[in-house]
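Read off the chains here:
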Amino acid sequence: MTDADPPADLSAEPLTTDLGATLRAVRRAADLSQRELAARSGVPQTTVARIECGQSARPSFHTVERLVTAAGGRVTLVLPPGEGHGPPSAAPEELRDAAGRRCPAHLDAREVREPKDWPGAWWAHFPGLSGYASALPAVTYRLDRERRDHDRARARVRRACRIRRHADPTSPATSWRFVAELPDGELVGELRAHERSDELLLGYRLPGPRHLVLDEVLVAPAYRLLGVGRRLVAALTTEMARCGVSSAHAVTDGTGACLLRDCGFRVESRDAAVMRLDLTADAAPRLRR
């Protein structure tokens, strides 16, 4: 194996299956004999011969690495694919708790700089409780594996999520849709809007600016509070500027209103009402005369 060749994936099969054939191919590409490879790597020639003949059932990783490196190649470790998260990140050696102890290496430790960095600071996302006082730890990490996987999935979304406008040939040209998705195609959020214009009723174009009505901004519950909704709205406003659309309108409440307000929307009227009618099998709606 040379530097120009792709690295051998030694994790795809057990080492005892084809390690000998792989080592022979590496040595052949480097034009080295067993004796020359042994001299370069510092591994005895008898060990090289046993590995290539399949007689060495469990050669150490350090031995394999020395042999491949001496032949001008490199060994690459490939982590098994995870469901919904990337490879775990190791805790930095310099990251220690308040007592000066290192964090467990298999956990995703991180430094706590402000309340929102600490899962125990439940009050961090509530502005009305900003005065709540509690001592913050120096570092934090999850002991619960399910929660760790959840945090890793959120970190993957924060890192790899991409926003694009989805063009659907079956939808009207006045329909706008933006999607937030991962590289593997997993959909984590979307924004839908449509153009509001009397042209749709009259059948011909009218002078004046174009307007949008925001239908919905949806983010998967597991990936909220990661900024996905803000990025969707930002993509919408960028496309509005490009297409010459002057304004967007929305009717919402609760968290949706907070999101749009943070993205620059303002309250037009406080007279709008959110109303609901429920029909049951044994009762009919009562109409006022």
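K.L.:
Any chance you could break down the overall build of the chain for me, citing the residues and the numbers?
P.N.:
Secondary structure summary: the chain contains 8 helices and 9 strands in total. With 289 residues in all, the chain has 27% of them scored as buried. Per element, the accessible surface of the chain, about 20,200 Å² overall, is 52% carbon and sulfur.

K.L.:
Outline the packing of aromatic side chains, listing residues and values.
P.N.:
Enumeration according to the criterion identifies 1 aromatic pair in this entry. Residues Trp176 and Phe178 carry aromatic rings whose centres are separated by 6.4 Å and whose planes lie at 55° to one another, so their mutual orientation is tilted. No difference in accessibility class separates Trp176 from Phe178, as the two residues are buried. Its guanidinium or amino end placed over the ring of Trp176, Arg165 lies 4.2 Å from that ring's centre, counting from NZ or CZ.

K.L.:
Provide a residue-level description of the nonpolar core, including the pertinent values.
P.N.:
Residues Val157, Trp176, Leu191 and Leu236 are the most contacted members of the largest nonpolar core, which totals 24 residues. Elements represented by at least two residues in this core include exactly helix H5 (145–160), strand S6 (175–181), strand S7 (187–196), strand S8 (210–219) and helix H7 (228–243). In contact with Val157, not counting residues within four places along its chain, are Leu182, Val188, Tyr223, Leu226 and Val228. One finds Leu19, Val26, Val64 and Ala70 within the second-largest nonpolar core, a separate group that totals 14 residues.

K.L.:
Tell me what's going on with the pairing of S7, and back it up with residues and numbers.
P.N.:
Note that S6 and S7 share 7 bridges and pair antiparallel. Residue pairing across strands places Glu181 opposite Leu187, the latter belonging to S7. Taking the residues between adjacent antiparallel strands as the criterion, S6 and S7 are bridged by 5 residues, where Gly185 takes a positive phi near 95°. Direction of pairing for S7 relative to S8: antiparallel, over a ladder of 8 bridges.

K.L.:
Explain the packing of helix H2 (residues 34–41) against helix H4 (residues 61–70) to me, and be specific about the residues and the numbers.
P.N.:
Relative placement of two packed helices is described by the angle separating their axes and the distance separating the axes. Between H2 and H4, the shortest axis-to-axis distance is 9 Å and the interhelical angle comes to 110°. By the angle class used here, H2 and H4 are roughly perpendicular. Packed against H2, whose contacting residues are Leu37, Arg40 and Ser41, the element H4 presents Arg66, Leu67 and Ala70 at the interface. For the contact of H2 with H4, the class distribution of residues is 3 nonpolar, 1 polar and 2 charged.

K.L.:
I'd like a description of H4, backed by residues and values.
P.N.:
Residues spaced three or four apart along an α-helix point in a common direction, a consequence of the helix completing one turn every 3.6 residues. All buried positions along H4 are accounted for by Thr63, Val64, Leu67, Val68 and Ala70. Buried residues of H4 fall within an arc of 165° about the axis and therefore sit on the same side. Phi turns positive one or two residues past the end of H4, at Gly72, with a value near 90°.

Rules of the game
Residues numbered from 1 in each chain as written. Predicted model: local features only at pLDDT ≥ 70, side-chain atom pairs only at ≥ 80, totals over all residues. Heavy atoms only, no water. Helix = DSSP H or I, 4+ residues; strand = E, 2+ residues; numbered from the N terminus. Buried < 20%, exposed > 50% of the residue type's maximum accessible area, 1.4 Å probe, protein only. Areas by Shrake-Rupley, 256 points an atom, 1.4 Å probe, with all protein chains shown as cover. Phe/Tyr/Trp six-rings, centres within 6.5 Å; stacked < 30°, edge-to-face > 60°. Lys NZ or Arg CZ within 6 Å of the ring centre and 35° of its normal. Core = buried A, V, L, I, M, F, W, Y, C linked by side-chain atoms within 4.5 Å. Contact = heavy atoms within 4.5 Å. Pairing = 2+ DSSP bridges. Axes fitted to C-alpha atoms, helices over the stretch in contact; angles between N-to-C directions. Parallel < 35°, antiparallel > 145°, perpendicular 65-115°, else oblique. Nonpolar A, V, L, I, M, F, W, Y, C, P; charged D, E, K, R; others polar. Arc of directions from axis to C-beta.

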